[in-house]
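Each chain, written out:
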Amino acid sequence: MKTKLGIAVGLFGAAIYFTFCFGGYTPFFILAAYVLFKEDNEWLRRVVLKAFIVGMLFDFASKCIGLIPDAISLLNSFTGIFNKSLRIPFLSNIASFLRSAVYLIEAVIFILLGVQAIKMHDFPISFADKLVDEALGSTSKVVEKVKEKVSNKPAEEAAPEKTEENK
């Protein structure tokens, strides 16, 4: 399957994930706009929305962690008015560590998403898949497989039996 540009759909999906992680917002939004306005492929649309949702989650987490040293700096500036100092260096180190961890986890997830996209497979991330489903009004193949497996369970496995302890 190819895009209207003649590029394999899986390769284009991988480019979207890799661009968001390593290329920045502008190249991602150019690719996303192209997919959303020109391409009819449902899978590519899902990739764009999922990349955006996952990327924004990591950016939000990074910004929240970055507020810790900013708040300490603000308090230090305020106490400086009274010739006092409020320095808490270990909190800044913790925030730096957490921010680095978020960046590393983000890179690993986007690499996994990109590699899976080359094969036109989906790496499941439940909250992002649910949001994409709501936005597109459809269900991903991964979610359909999970629902199928759950619905194929025998009735006694799906509903636990009532025992004397549970009553």
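For the structure, check the block above.
What comes next concerns the included structure. In this text, all values refer to a predicted model and were calculated from it rather than measured experimentally.

1. Quick word on the overall build of the protein chain
Secondary structure assignment for the protein chain yields seven helices and zero strands. Residues counted as buried form 30% of the 167 residues belonging to the protein chain. Accessible surface, the protein chain: about 11200 Å² in total, of which carbon and sulfur atoms supply 65%.

2. Topic: helix H2 (residues 25-38)
Taking 1.5 Å as the rise per residue, H2 with 14 residues should run 20 Å; its terminal C-alpha atoms sit 19 Å apart, in good agreement. The complete set of buried residues in H2 reads Phe28, Ala32, Tyr34 and Val35. Taken down its axis, H2 places every buried residue within 155° of arc, on the same side. Along H2, the residues that are exposed and aim more than 90 degrees away from the buried face are Thr26, Ile30 and Phe37. Those residues of H2 hidden inside the fold are in contact with helix H1 (9-23) and helix H3 (42-80).

3. Remarks on the pattern of salt bridges
If you walk through the whole model with that rule in mind, you get four salt bridges. For Lys50, the salt bridge goes to Asp122, with nearest N and O atoms at 2.8 Å. Here Lys50 is found in helix H3, whereas its partner Asp122 is found in the loop between helix H4 (89-118) and helix H5 (126-136), with 72 residues between them in sequence. Between Asp129 and Lys50 there is a salt bridge, with the nearest N and O atoms lying 3.0 Å from each other. Here the residue Asp129 occupies a position in helix H5, and Lys50 occupies one in helix H3, the gap between them amounting to 79 residues. When sorted by exposure, Asp129 lands in the same class as Lys50, which is buried.

4. With respect to the packing of aromatic side chains
In the structure shown here, the tally under the stated rule is ten aromatic pairs. Their ring planes at 80° and their centres at 5.5 Å tell us that Phe78 and Phe82 sit as a pair that is edge-to-face. An aromatic cluster is built from Tyr17, Phe20, Tyr25, Phe28, Phe29, Phe52 and Phe110, whose rings are joined through pairwise contacts.

5. Structural notes on the environment of Ile53
Relative to the elements of secondary structure, Ile53 occurs in helix H3. Residue classification places Ile53 among the buried positions, given a relative accessible area of 17%. Apart from the residues within four sequence positions on either side, Ile53 is in contact with Phe127, Ala128, Leu131 and Val132.

6. Concerning H3
Between its first and last C-alpha, H3 extends 57 Å over 39 residues, near the 57 Å set by a 1.5 Å rise per residue. Of all bends in H3, the biggest is about 25°, found at Ile68, and the proline Pro69 comes one to four residues later. One side-chain oxygen of the residue at the start of H3 lies 2.8 Å from the amide nitrogen of Trp43, identifying that residue as Asn41.

7. Overview of the nonpolar core
Judged by nonpolar contacts, the single largest core of 28 residues is most densely connected at Ile16, Tyr17, Phe28, Val35, Leu44, Val54 and Phe110. For this core, the elements supplying multiple residues, two or more each, are H1, H2, H3, H4 and H5. Apart from the residues within four sequence positions on either side, Phe110 is in contact with Tyr17, Phe18, Phe20, Cys21, Ala51, Val54 and Gly55.

8. Let's talk about the side chain of Thr3
Along the chain, the position of Thr3 falls in the segment before H1. Not counting the four nearest positions on each side in its chain, Thr3 is found in contact with Val9, Phe12, Glu39 and Leu44.

9. Some remarks on unusual backbone geometry
In the Ramachandran plot, Asn83 falls in the positive-phi region, its phi being about 60° despite a non-glycine side chain. With respect to the helices, strands and loops of the structure, Asn83 is situated in the loop between H3 and H4. Here the phi dihedral of Met120 falls at roughly 60°; this positive angle occurs in a residue that is not glycine.

Basis of the calculations
- Residues numbered from 1 in each chain as written.
- Predicted model: local features only at pLDDT ≥ 70, side-chain atom pairs only at ≥ 80, totals over all residues.
- Heavy atoms only, no water.
- Helix = DSSP H or I, 4+ residues; strand = E, 2+ residues; numbered from the N terminus.
- Buried < 20%, exposed > 50% of the residue type's maximum accessible area, 1.4 Å probe, protein only.
- Areas by Shrake-Rupley, 256 points an atom, 1.4 Å probe, with all protein chains shown as cover.
- Expected span 1.5 Å × (residues − 1).
- Arc of directions from axis to C-beta.
- Contact = heavy atoms within 4.5 Å.
- Salt bridge = Lys/Arg side-chain N within 4 Å of Asp/Glu carboxyl O.
- Phe/Tyr/Trp six-rings, centres within 6.5 Å; stacked < 30°, edge-to-face > 60°.
- Bend = angle between axes of the 7 residues up to and from the residue.
- Polar contact = N/O pair within 3.5 Å; in protein donor to acceptor, adjacent residues only side chain to side chain.
- Core = buried A, V, L, I, M, F, W, Y, C linked by side-chain atoms within 4.5 Å.

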